[in-house]
Amino acid sequence: MLPWLPAFPIQFPPVTDALDDPDGLLAAGGALTPEWLVAAYRRGIFPWYSDDQPVLWWSPDPRMVLFPEQLHVRRSLAKRVRNAGFRVTADHAFERVIENCAETRNYSTGTWITEDMFEAYCRLHHQGVAHSVEVWRGTALVGGLYGVALVPAFFGESMFSLESDASKVALVHLARSMAGTGGKLIDCQMHTPHLASLGARSIARSTFISYLEKWFDGRSDREILTPDWPLAALGESSSNTDR
C-alpha cells in the first residue's frame, strides 16, 4: 500500500521505502506548500504527478546528478555559448520559463506541470527559493530552466528550448556559476541522454542522500534556503564572451 500523507504534520516515510516499480514512488498526499516542498527536497524527494492524480512524491534509485566541476562542454556547444549571440539572465522571467516548460511537454497527453504545480513553484520563487535561468535571442525568450536552490545544491525541475542548444546554454551558465561559488551538486532527478552529454551521471540513491544529510544535518529549513544563490550576481551576460 502506498502511504497517504495528511496535510499536517509534514512527515515523509524513509526514502528506502520507495517502490521499485514504478521506480522511486514513495507516497501520496501531503500538500504543495513551500514548507512541504522544502522539507521534501532536503530529503531527496520531489513531487511529480498528473492532473487526474493526487500529489505523488518520488525518490528514484539511482539518481541523475551533475557535479558542476565535471561539466562536459563539447567544442560545438562551447562555440554556441561564446558566439551564438544569446543573452543569459537569472530570475528575470521565472513564470514564463515554467509556462514554456509546460507547453513544450504538453503533447497529446498533457503535462505534469499542473496549475497547482505552477502556483506552488511561483510561491517558492517569491520566497527566494525557486529560481530560473533564461536564454534570450534579442527580446525573445528562447530557452531556460528552473529549480530549487538549497545551500549548496540546485534541484533542477525542468528546462526548455525553442532554439537549438538554448537549454544547454542555460545549464552551462548554471554549472559554471555554481563551480565558481562553491556549489556542490545539480540534481537532475532521472537519466536523459541530453543531460548525460553534459557530464551528468547516475549515482546510488543512498549516496545522493548521504550528500544531503552531510550538507543539511542539524540545519533548519530556514538555514538552508539561499536567497543569494550562485547566479544572483549573473544579472545579465552575453554569450559572445567566454565565461
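Residues numbered from 1 in each chain as written. Predicted model: local features only at pLDDT ≥ 70, side-chain atom pairs only at ≥ 80, totals over all residues. Heavy atoms only, no water.

Some thoughts on the overall build of the chain
Line of reasoning, step 1. When you go through the chain residue by residue, the secondary structure sums to 8 helices and 12 strands.
Line of reasoning, step 2. Counting the 243 residues in the chain, one finds 53% classified as buried.
Line of reasoning, step 3. Pairs at least 24 residues apart make up 74% of the contacts formed inside the chain by residues separated by at least 6 positions.
Line of reasoning, step 4. Accessible surface, the chain: about 11200 Å² in total, of which carbon and sulfur atoms supply 51%. (Helix = DSSP H or I, 4+ residues; strand = E, 2+ residues; numbered from the N terminus. Buried < 20%, exposed > 50% of the residue type's maximum accessible area, 1.4 Å probe, protein only. Contact = heavy atoms within 4.5 Å. Areas by Shrake-Rupley, 256 points an atom, 1.4 Å probe, with all protein chains shown as cover.)

Overview of helix 1 (residues 34–42)
Line of reasoning, step 1. Among the 9 residues in helix 1, 8 count as buried, and that is most of the element.
Line of reasoning, step 2. Pro-34, Trp-36, Leu-37, Val-38, Ala-39, Ala-40, Tyr-41 and Arg-42 are the residues of helix 1 that are buried.

Observations concerning the packing of helix 1 against helix 4 (residues 115–126)
Line of reasoning, step 1. Contact pair helix 1 / helix 4: the axes reach a minimum separation of 10 Å and the direction vectors enclose 85°. When the axis of helix 1 is compared with that of helix 4, the two are roughly perpendicular. Across from Pro-34, Leu-37, Val-38 and Tyr-41 in helix 1, the residues of helix 4 making contact are Ala-120, Tyr-121, Arg-123 and Leu-124.
Line of reasoning, step 2. Each residue belonging to the contact of helix 1 with helix 4 can be placed in one class, and the counts come to 7 nonpolar, no polar and 1 charged. (Axes fitted to C-alpha atoms, helices over the stretch in contact; angles between N-to-C directions. Parallel < 35°, antiparallel > 145°, perpendicular 65-115°, else oblique. Nonpolar A, V, L, I, M, F, W, Y, C, P; charged D, E, K, R; others polar.)

Quick notes on the confidence of the model for the chain
Line of reasoning, step 1. Across the chain, the average pLDDT comes to 89, with 89% of residues at 70 or higher.
Line of reasoning, step 2. Overall, residues 106–110 carries pLDDT values under 50, and its contacts beyond four positions in sequence, including any with other chains, amount to 2 contacts.
Line of reasoning, step 3. Predicted confidence for residues 239–243 stays below pLDDT 50, and this span has 17 contacts to residues more than four positions away or in other chains. (pLDDT = per-residue confidence, 0-100.)

Structural notes on the nonpolar core
Line of reasoning, step 1. Core analysis: the biggest nonpolar cluster contains 56 residues, and Trp-57, Tyr-121, Tyr-146, Leu-150 and Phe-155 have the highest contact counts within it.
Line of reasoning, step 2. In terms of residue count, the dominant contributor to this core is helix 1 (6 residues).
Line of reasoning, step 3. Those residues within four positions of Tyr-121 in sequence are excluded, and the remaining contacts are Leu-37, Tyr-41, Pro-47, Phe-94, Ile-98, Ala-130, Tyr-146, Val-148 and Glu-157.
Line of reasoning, step 4. Residues Ala-84, Val-133, Val-172 and Ala-175 belong to the second largest nonpolar core, which totals 28 residues. (Core = buried A, V, L, I, M, F, W, Y, C linked by side-chain atoms within 4.5 Å.)

A closer look at unusual backbone geometry
What is expected of a backbone is that most residues other than glycine have negative phi and most peptide bonds are trans.
Line of reasoning, step 1. With an omega of 10°, the peptide bond between Asp-61 and Pro-62 qualifies as cis.
Line of reasoning, step 2. Along the chain, Pro-62 turns up in the loop between strand 4 (56–58) and strand 5 (63–66).
Line of reasoning, step 3. Put simply, Val-151 and Pro-152 share a cis peptide bond, and its omega is -5°.
Line of reasoning, step 4. Here Pro-152 is to be found in the loop between strand 8 (140–150) and strand 9 (153–161).

Overview of helix 4
Line of reasoning, step 1. For helix 4, spanning 12 residues, the distance from its first C-alpha to its last is 17 Å, which sits close to the expected 16 Å at 1.5 Å a residue.
Line of reasoning, step 2. Those residues of helix 4 not exposed but buried are Met-117, Ala-120, Tyr-121, Cys-122, Leu-124 and His-125.
Line of reasoning, step 3. The inward-facing, buried residues of helix 4 abut helix 1, strand 3 (46–47), helix 3 (94–103), strand 7 (130–137), strand 8 and strand 9.
Line of reasoning, step 4. Once helix 4 ends, the next one or two residues include Gly-128, with phi positive near 80°. (Expected span 1.5 Å × (residues − 1).)

Here's the deal with the packing of aromatic side chains
Line of reasoning, step 1. This model, assessed by the stated rule, comprises 9 aromatic pairs.
Line of reasoning, step 2. Where Phe-12 meets Trp-36, the ring centres are 5.2 Å apart and the plane angle is 85°; that geometry is what we call edge-to-face. Pair noted here: Phe-12 is in the loop between strand 1 (4–5) and strand 2 (25–29) and Trp-36 is in helix 1, with a separation of 24 residues, a long-range link.
Line of reasoning, step 3. For the ring pair Tyr-211 and Trp-215, a centre distance of 5.6 Å and an interplane angle of 10° mean the geometry is stacked. Pair noted here: Tyr-211 and Trp-215 are both in helix 7 (residues 205–216), with a separation of 4 residues, about one helical turn.
Line of reasoning, step 4. An aromatic cluster is present here, built from Phe-12, Trp-36 and Trp-57 joined pairwise through their rings. (Phe/Tyr/Trp six-rings, centres within 6.5 Å; stacked < 30°, edge-to-face > 60°.)

Some remarks on the pattern of salt bridges
Line of reasoning, step 1. As enumerated under the stated definition, the model contains 3 salt bridges in all.
Line of reasoning, step 2. With its nearest N and O atoms 2.9 Å apart, the salt bridge here joins Asp-187 to Arg-63. Of the two residues, Asp-187 is situated in strand 10 (residues 185–189) and Arg-63 in strand 5; the sequence distance between them amounts to 124 residues. Both residues of the pair, Asp-187 and Arg-63, belong to the buried class.
Line of reasoning, step 3. The residue Glu-163 makes a salt bridge to Arg-137 at a minimum N-O spacing of 2.9 Å. Residue Glu-163 is located in the loop between strand 9 and helix 5 (166–180), and its partner Arg-137 is located in strand 7; the two are separated by 26 residues in the primary sequence.
Line of reasoning, step 4. Taking the relative accessible area as the measure of exposure, Arg-137 reaches 31% and is therefore partly exposed. (Salt bridge = Lys/Arg side-chain N within 4 Å of Asp/Glu carboxyl O.)

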